[in-house]
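Per-entry structural report
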Amino acid sequence: MASSSTGNKIHADATDDELTEQEEEEEEELEHFDDFTLASSWERFISEIEAVLRLWMSDGPNNLLEKGAVLLEDSGNLYKVKSEMKYAMKNYCMEFYFKTDPDVDAGKLADWNFDLHDLQLCYGVKEFLVIAPQSASGVVLDAPEASKLLSAIAIALSNCSSLWPAFVPVHDPSRKAYIGIQSMGTVFTRRFEADRIGSQVPVKLMHLEGLYELFVSKFAYSTLDLSVHNFKVRFAMKLTFRTPPYDEDAKITKYEENLTGEVSSGTQWDDDCSWSQWYSAEDPVKGFELIAIWSEKMIESSMEMAELENDSPHEAEKWLISLRPEGSSGNRIGFASELRLLVDALEMSFEAQFMEDFVSAVENPGSDNLKSSMVIPPPTVRDRVLKELFIEGVQFSDFADSGHKTSRAIKGAPLGSLFAQFCLHSLWFGNCNIRAIAVLWIEFVREVRWCWEESQLLPRMPANGSIDLSTCLINQKLQMIAICIERKCQLNEDYQDCIGSLDQMDSMSEDESVAGDDSHSIQTPSEDFSGKVDRKPEVVDLLNDKNPSDLTRRGSAGIVDSMMLLKSRQSMHAPYTQEPPLMTEDMHEERLKAVEAFGDSFNFSAQLEKDILTSDMSAFKAANPDAVFEDFIRWHSPGDWEDDKDQEGIKSSTSSALDIKKSKESWPPRGRLSKRMSEKGNLWRKLWNSAPALPASEQKPLLDPNREGEKVLHYLETLKPHDLLEQMVCTAFRAAADTLSQTSYGELKQMETEMQQLYLTMTSALRPLQVNRLSADSETFENLRRLSVAFEQVEKLLALAASLHRKLIQAPRLSREIFTDYYNFYIQTTGKSLAEDIGEKEFDNKQEVKEHEREVLSNMFVPPTANQSWRKVLSMGNLLNGHEPTVREIIFSLRDRVNGNHYAARSGSVSQQEIETYRMYICGTSNDLRVALSVVSCD
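Residues numbered from 1 in each chain as written. Predicted model: local features only at pLDDT ≥ 70, side-chain atom pairs only at ≥ 80, totals over all residues. Heavy atoms only, no water.

1. As for the overall build of the protein chain
Applicable threshold: Going along the chain from the N terminus, every DSSP run of H or I of four or more residues is numbered as a helix, and every run of E of two or more is numbered as a strand. Between buried and exposed lies partly exposed: a residue is buried under 20% and exposed over 50% of the maximum accessible area for its type, with that area taken using a 1.4 Å probe on protein chains only. It only takes one pair of heavy atoms within 4.5 Å for two residues to be counted as in contact. Residue-level accessible areas treat just the shown protein chains as cover; the underlying method is Shrake-Rupley with a 1.4 Å probe.
Assigned secondary structure in the protein chain consists of 28 helices and 19 strands. The buried share among the 939 residues of the protein chain stands at 46%. A fraction of 73% describes how many contacts in the protein chain between residues 6 or more apart in sequence connect residues 24 or more apart. Working note: accessible area of the protein chain is about 47800 Å², and carbon and sulfur atoms make up 49% of it.

Structure below.
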């Protein structure tokens, strides 16, 4: 220390200014000179703690945040800073826990604020310090060392005039034991202690009455007041129940069950979900935690506690429910994981020219990449898949409306169609490698050829209608061959019935001949061409209009309104016509390229419609033997027939004998062909002159089923691997998404938005595959893998939504609220950047249960079986359908008012702030209790 005689050494003749300067220097030297030559290591340790505390106090919460304070997970706005120090060859870490709003009350602790830290809940503190050794255990195992460590931090806090409580972890880490101290700012000091009572819990402490008496005895002992019957103890309790675990069968895909015949016992949670045909998803909801809370109340005797132990959880003031989601379970079975493998197969498909090359990769010495981990399932599995694909009696109409409304933007095969089912089966065939896909595709094409050669209808494909050009080319080809098989079957039937049909023709009456031959017609005329009538002939009295030409009329579909033939004045008949020829997308492109060589639009139009036009002309001639070219134009192309104005008044929209009579009286009609049709050398007139009079039933079909069917088979058998895989990827993503979209998950707007966004993302990512812009080194593969990640995120959310909907179907509000909380947590954790899955942070949001929803949750707790009845022996009461709480938390407390330096009388009118003088927090089960005690004493 500085000597006190320093002032006597000042010279007598010194001026006042010199004296002032010397005094200031001496005072500055006194303030900043620290001599530790005589201080012990413990005193220096206290000084080091004090320096850190003063720094934290001067910084305040805001500056500490700027200096790198860490936010604790699942603890609201509680932050932590730490500092490391050394004492007696040991390293220690001191941590300061604080809130950014220390002036705001943290909430009533008795109301079980779930954002509280464990020590806050145990001892009722807000900001606090923890000092612990930097060791593997993180606790002080030596009692004298713990006391000395706590004394050091208590002295440092006193020197800083700080009221922060401080704790030191002691004993074994599993005991969560602490000792602590806090200055109350007066002569009062609060001391803390916590420990765990293991499996040797006394029977008395297994019940609320015994716990109450334990608390009262602690108070009586500390006050030397043995009268323990007149205390009014504040009591609050929280019980946590966990729903019984759901049956968890071994993970096995539904696809494997179908192939191997191994069916697990019991039912899966997702048996009624849309994806259950392909795989059984792990239930994302492992169960629920139900929390029943009794808010703070006054207890005056142990008898009240005994009665409270018999209360049902239904009598609790508040119920809260939280979700127990699945943790990180490694590789998850689902569409997303298999789609990722399919993308890998697409990338490898550029390594060969034909699919057969991948099948024979074993014998190829240069195909080492194809040999590794590319297992082909045995023939029995392959046969089962083909049998499932080509099952008899399953038509596409059964699945026509099963896709999502926006999925048509993706150029793939519709869900339920043959190729879509092939793609979905390929996902689960083997490990979805290129060799397994090649084997399955070759056998698939063989099955299609067998159906063609045996004239068997192709399952899962429509055999009529037009080709859907919005789908992938393979689906168009399969639709074409399905129609060709149907046409071929019709031609065979017509040939077998030909003789019988001719006999019927000979016996037809004159009226039936006028009506037309329905049995041999291909299609009624459609509205595609103006003037064609799509209806059966009506019974019309034409006795006065009989003509020998009626006897040779064939293929009539009925009279066309009031129109009559120009030369013979007979009623005009609409013929049955053939359908336009069906074409797939590549056929349109080939025909367009061929026609572009002619140069002008007229030749283009004539070339496309020549066969159709000739067929219609022949059918019209057969139905109207006395017709001329102008009659055909009036029926087929009314725009090319120009009527005079005075003829417009006699037109009629109805067909009757009176209209026909009026038309005859005003005969001939005044009109003429248009300029286009009256030109010399007109192509239409040339076709008319050369067209024979043949009904549609006798014409050569516009679609040659034999030729077109063989062309389809040639396309399928020579398809390049990358062309096949490109269409498979598009179809598999679309079909998988359509399958998931059929899941019932209640009214969840977030899930609808996610599904809609998924389709938009797929449309964008799959576009290069749909326009054949893919190469072996394309960046599209990485985009497709990111798409698989996005698909997996939506798939997981959908599984959670479906599980919640099924378990809480009678409490839809709870289902929506829980999913909304989890969705916000999931999006916040993973972000919108197709990031990785949720990390270590655990979802634990809680929702309050309404009164009318309690019964729904109560029904989840099925009464224990006879084998589980032994658990009731260890029960602490408050059972829910026979289930004891998994965790019981109790807070006993006594509060008093302080007047001066003494406890005020309970009836005192003048007092200071009421403080919690005694507090006991009890947590655990009937054989594992943790007790934390806080006592205020006057030192």
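2. Considering the nonpolar core
This is how it is decided: We call a set of buried residues a nonpolar core when its members are Ala, Val, Leu, Ile, Met, Phe, Trp, Tyr or Cys and they connect through side-chain atoms within 4.5 Å of each other.
Membership of the largest hydrophobic core comes to 157 residues, with the highest contact counts inside it found for Phe335, Phe419, Trp441, Phe791 and Phe892. In terms of residue count, the dominant contributor to this core is helix H26 (residues 780–807) (twelve residues). Once residues within four sequence positions are removed from consideration, tryptophan 441 is found in contact with Met355, Phe419, Phe422, Ile474, Leu716, Leu719 and Leu724.

3. A closer look at the packing of aromatic side chains
The criterion, for reference: Two aromatic rings from Phe, Tyr or Trp, using only the six-membered ring of Trp, form a pair when their centres are within 6.5 Å; if the ring planes differ by under 30 degrees the pair is stacked, by over 60 it is edge-to-face, and anything between is tilted. Consider the ring centre and the ring normal. A charge sits over the ring if Lys NZ or Arg CZ is within 6 Å of that centre and within 35 degrees of that normal.
Under the definition given, this model contains 38 aromatic pairs. Pairing tryptophan 56 with phenylalanine 96 gives two aromatic rings, centres 5.8 Å apart and planes at 20°, and the pair type is stacked. You can see tryptophan 56 sitting in helix H2 (residues 41–66) and its partner phenylalanine 96 sitting in strand E3 (residues 90–99), a full 40 residues away along the chain. An aromatic cluster is defined as three or more aromatic residues linked by ring pairs; in this entry it consists of Tyr97, Tyr123, Phe128, Phe167, Tyr178 and Phe192. Over the face of the ring belonging to tyrosine 715 we find lysine 477, whose NZ or CZ atom lies 5.3 Å from the ring centre. Just above the ring of tryptophan 452 sits the side chain of lysine 488; from NZ or CZ to the centre is 3.7 Å.

4. Some thoughts on the pattern of salt bridges
Selection rule: What makes a salt bridge here is a side-chain nitrogen of Lys or Arg within 4 Å of a carboxyl oxygen of Asp or Glu, nothing more.
Under the counting rule described, the total for this entry stands at 40 salt bridges. Between lysine 238 and glutamate 889 there is a salt bridge, with the nearest N and O atoms lying 3.0 Å from each other. Residue lysine 238 is located in strand E8 (residues 233–242), and its partner glutamate 889 is located in strand E16 (residues 887–899); the two are separated by 651 residues in the primary sequence. Taken individually, lysine 238 and glutamate 889 each receive the classification buried, so the pair is uniform in this respect. The salt bridge involving glutamate 282 is made with lysine 286; its shortest N-O contact spans 2.7 Å. A residue is classified by how much of its surface remains accessible, and glutamate 282, at 22% relative accessible area, is partly exposed.

5. Details of the confidence of the model for the protein chain
The criterion, for reference: The predictor reports its confidence for every residue as pLDDT, a score running from 0 up to 100.
Mean pLDDT for the protein chain: 78, with 73% of residues reaching 70 or above. Low pLDDT (under 50) marks residues 26–33, which in the prediction has two contacts with non-local residues, meaning those over four places away or in another chain. Of the regions scoring below 50 in pLDDT, residues 247–252 engages in eleven contacts with residues more than four places distant in sequence or in other chains.

6. Side note on the environment of serine 312
The residue serine 312 is located in the loop between helix H7 (302–309) and strand E10 (318–325) in this model. As for serine 312 and asparagine 881, which are separated by 569 residues in sequence, their C-alpha atoms are 9.1 Å apart.

7. Focus: the pairing of E3
Heads up, the condition is: For two strands to be treated as a pair, DSSP must find no fewer than two bridges joining them.
Judged by how many residues are buried, E3 sits mostly within the fold: eight of ten residues are covered. The antiparallel pairing of strand E2 (residues 78–87) with E3 creates a hairpin that spans two residues between the two strands, and alanine 88 there sits at a positive phi of about 50°. Of the pairings in the sheet, the one linking E3 to strand E4 (residues 128–133) comprises six bridges and is antiparallel in character. In the strand pairing of E4, tyrosine 92 is matched with proline 133.

8. Let's talk about the environment of alanine 352
Relative to the helices and strands, alanine 352 is located in the loop between helix H8 (335–348) and helix H9 (355–359). Once the C-alpha coordinates of alanine 352 and histidine 722 are considered, the two residues, 370 residues apart in sequence, prove to be 8.7 Å apart. With residues near it in sequence (within four places) discarded, alanine 352 still touches Asp357, Phe358 and Pro721.

9. What about a negative patch on the surface?
We apply this condition: Each patch is built from salt-bridge-free residues with over 30% relative accessible area, joining like charges within 9 Å and nonpolar side chains (Val, Leu, Ile, Met, Phe, Trp, Tyr) within 5 Å. In this tally, Asp and Glu contribute negative charge and Lys and Arg positive charge; neither His nor the terminal groups of the chain are included. Here the site of a charge means atom NZ of a Lys, CZ of an Arg, CG of an Asp or CD of a Glu.
Judged by side-chain charge, Glu73, Asp74, Asp115, Glu842 and Asp844 come together as a negatively charged surface patch. Residue aspartate 74 is classed as partly exposed on the basis of its relative accessible area of 34%.

10. Concerning helix H25 (residues 749–770)
Quick reminder of the rule: Helix span, expected: 1.5 Å multiplied by one less than the number of residues in the helix. A residue's bend is the angle separating two fitted axes: one through the seven residues that end there, the other through the seven that start there.
Relative to the 32 Å expected for 22 residues at 1.5 Å per residue, H25 spans 31 Å between its end C-alpha atoms, a close match to the ideal helical length. Along H25, the helix axis deviates most sharply at serine 764, where the bend reaches about 30°; the proline proline 768 sits within four residues downstream. If you check which residues of H25 are buried, you get Gln750, Met751, Glu754, Met755, Leu758, Tyr759, Met762, Thr763, Ala765, Leu766, Pro768 and Leu769. Residues of H25 that are buried in the fold lie against H8, helix H24 (721–741), H26 and helix H27 (812–830).

11. Focus: helix H23 (residues 705–717)
Worth spelling out the cut-off: By arc we mean the arc of the directions from the helix axis to the C-beta atoms, nothing more.
Along its 13 residues, H23 runs 18 Å from first to last C-alpha, staying within 8% of the 18 Å computed at 1.5 Å per residue. For H23, the set of buried residues is Pro705, Glu708, Gly709, Val712, Leu713, Tyr715 and Leu716. Each buried residue of H23 lies within a common arc of 160° when the element is viewed along its axis, so the set occupies one face.

12. Let's talk about the side chain of glutamate 726
Mapped onto the secondary structure, glutamate 726 falls in helix H24. No salt bridge forms around the buried glutamate 726; measuring N to O, its nearest opposite-charge neighbour lysine 720 is 10 Å away. Beyond its immediate sequence surroundings of up to four residues, glutamate 726 is in contact with Leu346, Phe350, Leu769, Asn772 and Leu774.

13. Here's the deal with unusual backbone geometry
In the Ramachandran plot, alanine 88 falls in the positive-phi region, its phi being about 50° despite a non-glycine side chain. By the element assignment, alanine 88 lies in the loop between E2 and E3. A relative accessible area of 53% means that alanine 88 is categorised as exposed. A positive phi angle, near 55°, is found at serine 161, a position not held by glycine. With respect to the helices and strands, the residue serine 161 is situated in the loop between helix H4 (143–159) and strand E5 (166–170). Taking the relative accessible area as the measure of exposure, serine 161 reaches 61% and is therefore exposed.

14. Side note on the packing of H25 against H27
Here is the rule: For every element, the axis is a line fit to its C-alpha atoms; helices are fit only across the contacting stretch, and the angle between N-to-C directions ranges from 0 to 180 degrees. Roughly parallel means an angle under 35 degrees; roughly antiparallel, over 145; roughly perpendicular, 65 to 115; everything else is oblique. Polar here means any residue outside two lists: the nonpolar Ala, Val, Leu, Ile, Met, Phe, Trp, Tyr, Cys and Pro, and the charged Asp, Glu, Lys and Arg; Gly therefore counts as polar.
Running from N to C, H25 and H27 point in directions that differ by 45°, and their axes come no closer than 10 Å. Classified by the interaxial angle, the pair formed by H25 and H27 is oblique. Residues Gln750, Met751 and Glu754 of H25 pack against Phe819, Thr820, Tyr823 and Ile827 of H27. When grouped by side-chain class, the residues that make up the contact of H25 with H27 number four nonpolar, two polar and one charged.

15. Remarks on the packing of helix H13 (residues 434–453) against H23
Contact pair H13 / H23: the axes reach a minimum separation of 10 Å and the direction vectors enclose 170°. Compared by their axis directions, H13 and H23 come out roughly antiparallel. Across the interface between the two elements, Trp441, Val445, Val448, Arg449 and Trp452 from H13 touch Pro705, Asn706, Gly709, Glu710, Leu713, Leu716 and Glu717 from H23. Residues belonging to the contact of H13 with H23 are distributed by class as follows: seven nonpolar, two polar and three charged.

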